[in-house]
Number of protein chains: 2
Amino acid sequence: MSELRKDPFTNRWVIISQDRSARPSDFGHEDFVQEHSYCPFCEGHEDRTPNEITAVRSADSKPNTPGWKVRVIPNKFPVLESSSELKRYGSGMYDAMTGTGAHEVVVEHPGHIANMADFEVAQVHEVFKVYKTRMLDLYKDQRFRFVLIFKNYGISAGASLSHAHSQVIALPVVPWNIKLELETARAHYQRKERCIYCDVIKQESLVRDRIVSENDDFIAFTPFASRFPFEVAVFPKKHSYRYTDCSDESLALLASMVKDVLTRLKVALNNPAYNIVLQTSPNIVSRPGNTDYWSSIEYDYHWHLLFMPRLTKVAGFEWGTGFYINPTSPEEAASFLREYDKYMA
Amino acid sequence: MSELRKDPFTNRWVIISQDRSARPSDFGHEDFVQEHSYCPFCEGHEDRTPNEITAVRSADSKPNTPGWKVRVIPNKFPVLESSSELKRYGSGMYDAMTGTGAHEVVVEHPGHIANMADFEVAQVHEVFKVYKTRMLDLYKDQRFRFVLIFKNYGISAGASLSHAHSQVIALPVVPWNIKLELETARAHYQRKERCIYCDVIKQESLVRDRIVSENDDFIAFTPFASRFPFEVAVFPKKHSYRYTDCSDESLALLASMVKDVLTRLKVALNNPAYNIVLQTSPNIVSRPGNTDYWSSIEYDYHWHLLFMPRLTKVAGFEWGTGFYINPTSPEEAASFLREYDKYMA
């Protein structure tokens, strides 16, 4: 029997269709290999990319040469550009604005490694520290209302190059999903004077049937109304509305949790394609006319990472309704992922 | 230079990234062939499906035998079932309900034809009349708040069988995208005493740079803030909030418009995979406790069909933000589709 579940963070309903329940082995995986010699992201190939924005590199090395651990470069095909002046305009009854923003690529490893699951934890830590640095830097620009950090691994997750990398996009508007989360969280806080995410974390910690993994600072679980099979959310246990407030020490524990979750997904699901997105506070720009100002966000919101293995196809039903059908129950998914404790360091 | 555009129907922003602009020939297409002899949907293979719910068939033929034009059967793997009693319940702070609903398949042609673009207009007309019949029948059941009719053509659009078919899902809740459209339309009506869709149709008819095709009753255009390349919307020109009010005569003109749009997409984009969804009024269930009751919907809403060719991959960025990047401007797409006037009957 299937069940409808409401996502508490967005009030969106999801169908958990257990009759269609598939074992993880029923899902396809994909091998995604590319020649090192052609790869523009490998150490030694720095001349094949635009000049770097920043890099974590040895003191004696020069920009755009070998000797780096993580390298940030402008996207060669940016969807938004920071050079343009931000203009808002109308077109009849329609609203539009210039494509002002930023679009960067974080090359996550000097070697030709595709999956972050295969990194050392220390290397994952470097990457997550770079995310923080980039976000802090981009938020100095008051035109940018939101910085999205995300990662596509594998062709069916939208990656076009196999060398491990993530993307940073700075937007002049707060994206719609984030707005919806913020509004839902604010409504909860106003009713209860409690963060809705803290409430969910507390309930998950008690019930435990959706917990995937846990350490001193972070908890990983499959969301109650997961849209996708084996979707995993990672939250800081202590209330915190923005990623940039996370200390470098705590980011080491996040790196260890990311490695843990990615290893479970890789082993349990036979190297699936996946997306990761970082959901955090918008840039708080308080000025006249800004309708996206969230005065109570410090209390309302709670940043998190979402891991979405790409195992099912999204089709007309989902596009037409925003209504997702998930063939694997979150409890089954969590239980299956917990079986891989033995692979953990 | 790219541009951000706001969809007037949902207030969602979309990036129209013209720098990435691709010619239609850059998009992949897919051949999607299946042996007739294995196909459960072909005339003569009626014993391979569950018993039919209804069919358009010759007077002298019997149910579940040959002699039909369109056949409606229960989905063999339903995501929702009408047999179960609708129960709403809580689980700690979470909300859930039983998977009560209906899930049917409309087999659109007795012959082994995959693409509705290759049907005679008269056959398309039969299919759209069946949609109306099924919707009217399902809306008699007050448990069902929304009936979604959609179609997946091609593997990357989510179809698993090639024989032309569509799906009907009756849901116990109003889906989230539809709710959002209804709320946006209502806000517009309350401010202006005009339907927002009528306003958009009027503007598109004047400006004409996004028009794809037009007949006496229907207009097809690429939406201003299209999420996908070559997305096409078809609206009745006269205000009408629900599909079921469309006369059979007018459905003949709709069928002709559907054939027109599908033919353009097939020829211009080299037989792409696509989804079609029908967006129409929910079932108006007025009773105590129903928070989904839309008293002014008759004025607010305007039903329509959405055609979404599946040419690009949706990745982490879109899932994380609800923010779409569209590499083809709607004006270019419409202009390109208009070039195929010569293929039209």
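Residues numbered from 1 in each chain as written. Chains lettered and ligands numbered in written order. Predicted model: local features only at pLDDT ≥ 70, side-chain atom pairs only at ≥ 80, totals over all residues.

1. As for the overall build of chain A
Alright, step 1. Assigned secondary structure in chain A consists of 7 helices and 15 strands.
Alright, step 2. Compactness check: chain A gives a C-alpha radius of gyration of 20 Å against a globular reference of 20 Å for 345 residues, within 12% of the reference.
Alright, step 3. Expressed along its principal axes, the backbone C-alpha trace of chain A runs to roughly 60 × 50 × 40 Å.
Alright, step 4. For chain A, the proportion of its 345 residues judged to be buried stands at 51%.
Alright, step 5. Long-range pairs, those at least 24 residues apart, make up 70% of the contacts in chain A with a sequence separation of at least 6. (Helix = DSSP H or I, 4+ residues; strand = E, 2+ residues; numbered from the N terminus. Rg over C-alpha atoms; globule rule 2.2 N^0.38 Å. Buried ≥ 20, exposed ≤ 12 C-beta atoms within 10 Å, placed from the backbone. Contact = placed C-beta atoms within 7 Å.)

2. Details of the interface of chain B and chain A
How big an interface is tends to be reported as the loss of accessible area on association of its parts.
Alright, step 1. Listed by partner, the interface residues are 59 residues for chain B and 60 residues for chain A.
Alright, step 2. For the side of chain B that touches chain A, the class distribution of residues is 34 nonpolar, 16 polar and 9 charged.
Alright, step 3. One ladder, built from 4 bridges, connects strand 6 (residues 94-98) of chain A with strand 1 (residues 3-6) of chain B; its direction is antiparallel. Each residue of the ladder has a partner; that of Met97 of chain A, found in strand 1 of chain B, is Leu4 of chain B. (Nonpolar A, V, L, I, M, F, W, Y, C, P; charged D, E, K, R; others polar. Pairing = 2+ DSSP bridges.)

3. Observations concerning the nonpolar core
Alright, step 1. Core analysis: the biggest nonpolar cluster contains 97 residues, and Val147, Val234, Val261 and Phe307 of chain B have the highest contact counts within it.
Alright, step 2. Each residue touching Val234 of chain B, except ones within four places of it in the same chain, is listed here: Phe218, Ala220, Met257, Val261, His304 and Leu305 of chain B.
Alright, step 3. In this structure, Tyr139, Trp294 and Leu306 of chain A together with Phe224 of chain B belong to the second largest nonpolar core, which totals 96 residues. (Core = buried A, V, L, I, M, F, W, Y, C linked by C-beta atoms within 7 Å.)

4. What to know about the sheet that holds strand 9 (residues 165-171) of chain A
Residues and elements named next belong to chain A.
Alright, step 1. Here 10 strands make up an open sheet; going across it, the order is 3-4-7-9-8-13-14-12-11-10 and the pairing antiparallel. At either end of the open sheet lies a strand with only one pairing partner, and these are strand 3 (54-57) and strand 10 (211-214). In this sheet, adjacent strand axes meet at a mean angle of 15° when their direction is disregarded.
Alright, step 2. Where strand 13 (residues 274-279) and strand 14 (residues 304-309) come together, 6 bridges link them in antiparallel fashion. Note that in strand 14 the partner of Val277 across the bridge is Leu306. (Axes fitted to C-alpha atoms, helices over the stretch in contact; angles between N-to-C directions.)

5. Description of the pairing of strand 12 (residues 232-236) of chain A
All names here are of chain A.
Alright, step 1. Among the 5 residues that make up strand 12, 5 are buried, leaving the element largely enclosed by the rest of the structure.
Alright, step 2. Covered by surrounding structure in strand 12 are Val232, Val234 and Pro236 together with Ala233 and Phe235, the residues of both alternating faces.
Alright, step 3. Of the pairings in the sheet, the one linking strand 11 (residues 218-221) to strand 12 comprises 4 bridges and is antiparallel in character. Directly across from Ala220, in strand 12, lies its bridge partner Val234.

6. Regarding the pairing of strand 13 (residues 274-279) of chain B
Alright, step 1. Within strand 13 of chain B, 6 of the 6 residues are buried, which leaves the element mostly enclosed by the surrounding structure.
Alright, step 2. Side chains Tyr274, Ile276 and Leu278 of chain B of strand 13 of chain B all project onto a buried face; the interleaved residues Asn275, Val277 and Gln279 of chain B project onto the opposite face, where all are buried too.

7. Points about the packing of helix 1 (residues 121-138) of chain B against helix 4 (residues 248-268) of chain B
Residues and elements named next belong to chain B.
Alright, step 1. Contact geometry for helix 1 and helix 4: axes closest at 8 Å, N-to-C directions at 125°. Classed by the angle they form, the pair helix 1 and helix 4 counts as oblique. The way helix 1 lies across helix 4 gives a crossing that is right-handed. Facing helix 1, whose interface residues are Val121, Val124, His125, Phe128, Lys129 and Lys132, helix 4 presents Asp248, Leu251, Ala252, Leu254, Ala255, Ser256, Val258 and Lys259.
Alright, step 2. Split into classes, the residues belonging to the contact of helix 1 with helix 4 amount to 8 nonpolar, 2 polar and 4 charged. (Parallel < 35°, antiparallel > 145°, perpendicular 65-115°, else oblique. Left-handed = near helix turned anticlockwise from the far one by under 90°.)

Function cannot be read off these values alone, since they describe shape.
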